[in-house]
Amino acid sequence: MLIKTGDLTTLVPFWSLGMEQAVKAFFNSPLKGPLADRFLYAQVVDLLIHLVQHINNLHQRPEISEITIQRAEKAKQIILDDFSSYNTVEQLARKVGISEPDLQLAFKQRFGMTVGKFSKDQRMSFAHSMLETTNDTLLSVGLSVGYNDPGNFSVAFKNYYGYSPGHIQRRKKLFNS
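What you are looking at is a predicted structure, and each value in this text was computed from that prediction instead of being measured. (Residues numbered from 1 in each chain as written. Predicted model: local features only at pLDDT ≥ 70, side-chain atom pairs only at ≥ 80, totals over all residues. Heavy atoms only, no water.)

### Focus: the packing of aromatic side chains
Cut-off, in case you're wondering: Centre distance within 6.5 Å is the pairing criterion for rings of Phe, Tyr and Trp, where only the six-membered ring of Trp is used; planes under 30 degrees apart are then read as stacked, over 60 as edge-to-face, and the remainder as tilted. Going along the chain from the N terminus, every DSSP run of H or I of four or more residues is numbered as a helix, and every run of E of two or more is numbered as a strand. With a 1.4 Å probe rolled over the protein chains alone, any residue whose accessible area is under 20% of its type maximum counts as buried; one over 50% counts as exposed, and the rest are partly exposed.
Counted by the stated rule, this structure contains 10 aromatic pairs. With a centroid separation of 5.5 Å and an interplanar angle of 65°, the aromatic rings of F107 and F118 are classed as edge-to-face. Here the residue F107 occupies a position in helix α5 (residues 100-111), and F118 occupies one in helix α6 (residues 115-133), the gap between them amounting to 11 residues. Assessed through its relative accessible area of 7%, F118 is described here as buried. The structure contains a cluster of three or more aromatic residues connected by ring pairs, namely Y147, F153, F157, Y160, Y161 and Y163.

This is the structure we're talking about:
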């Protein structure tokens, strides 16, 4: 059975950031020919190393209470409910009534990533979708995902995806012409 990268989210409780990055590199290999085989082999070895490290870490995890998990779920929902208002980890922890380290630990265990990574992933995904489906300006899209400055939004978007938001807008205009 072929696993698509979108299907990997079903493995979140067992998935680490290193494993996710290794799999994404595997599926997004820029190489062709003989070097591609070596690159893919190295990515599989890297994934296996991350998997073994992750399994070892599972046994060393401190127990977190059900209420802490519920509060992490609540923090997740706060992030998802309003991308336009950016909350720091400190602000989220205060809103849900737990300490920052407890929130980070619960988030990492429950969702397989830090609060910041989850927030950025969701914001960038939403921004990407907006750029593809609307004719909103960069300022408007940036404001929708918590960036007050379109320049800062463009830099963050490019750092995240590897291409600028303007690239999506230009491609959309080209295909709609």
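### As for the pattern of salt bridges
The cut-off we apply is this: Salt bridges are defined by distance alone: a side-chain nitrogen of Lys or Arg within 4 Å of a carboxyl oxygen of Asp or Glu.
For the structure on display, the rule yields 4 salt bridges. In this structure, the salt-bridge partner of R94 is E90, at a minimum N-O distance of 3.2 Å. Of this pair, R94 and E90 both sit in helix α4 (residues 89-96), 4 residues apart, roughly one helical turn. Looking at E90, the relative accessible area reads 43%, which means it is partly exposed.

### Focus: the confidence of the model for the protein chain
The predicted coordinates of low-pLDDT regions are not to be read in fine detail. Put simply, the rule is: By definition, pLDDT measures how confident the predictor is in each residue, and it falls between 0 and 100. We call two residues in contact when some of their heavy atoms are within 4.5 Å.
In the predicted model, the protein chain carries a mean pLDDT of 83, and 80% of its residues have values of at least 70. The least confident element of the protein chain is helix α1 (residues 17-27), whose mean pLDDT is 67; the most confident is α4, at 96. Note on residues 1-7: pLDDT under 50 across the span, and 3 contacts to partners over four residues away in sequence or across chains.

### Details of the nonpolar core
Definition in use: Side-chain atoms within 4.5 Å are what join buried Ala, Val, Leu, Ile, Met, Phe, Trp, Tyr and Cys residues into a set we call a nonpolar core.
Grouped together as the largest cluster of nonpolar side chains are 30 residues, with contacts concentrated most on I79, L92, L103, F107, V115, F153 and F157. Of all the secondary structure elements, the ones that give two or more residues to this core are α3 (66-81), α4, α5, α6 and α8 (150-161). Among all residues touching F157, those that are not within four sequence positions of it are M124, A127, H128, L131, G162, Y163, S164, P165 and I168.

### Concerning the packing of α6 against α8
Threshold: In this analysis an axis means a line fitted to C-alpha atoms, helices contributing only their contacting stretch, and an angle means the value between N-to-C directions, from 0 to 180 degrees. Should an angle fall under 35 degrees it is called roughly parallel, over 145 degrees roughly antiparallel, and 65 to 115 degrees roughly perpendicular, with every other angle called oblique. Throughout, the ten residues Ala, Val, Leu, Ile, Met, Phe, Trp, Tyr, Cys and Pro are labelled nonpolar, Asp, Glu, Lys and Arg are labelled charged, and all others, Gly among them, are labelled polar.
Between α6 and α8, whose axes approach to 11 Å, the crossing angle comes to 105°. If you check the angle between α6 and α8, you find them roughly perpendicular. Packed against α6, whose contacting residues are K120, D121, M124, S125, A127, H128 and L131, the element α8 presents F153, A156, F157, Y160 and Y161 at the interface. Of the residues in the contact of α6 with α8, the class split is 8 nonpolar, 2 polar and 2 charged.

### Here's the deal with a nonpolar patch on the surface
Rules: Residues qualify for a patch when their relative accessible area is over 30% and they have no salt bridge, like charges being joined within 9 Å and the nonpolar side chains of Val, Leu, Ile, Met, Phe, Trp and Tyr within 5 Å. Exposure was quantified through the Shrake-Rupley algorithm and a 1.4 Å probe, taking into account, for residues, occlusion by the shown protein chains and nothing else.
A grouping of V44, L48, L51 and I55 is seen on the molecular surface, where their side chains present a nonpolar patch of about 300 Å² in accessible area. Residue position: I55 is located in helix α2 (residues 34-60).

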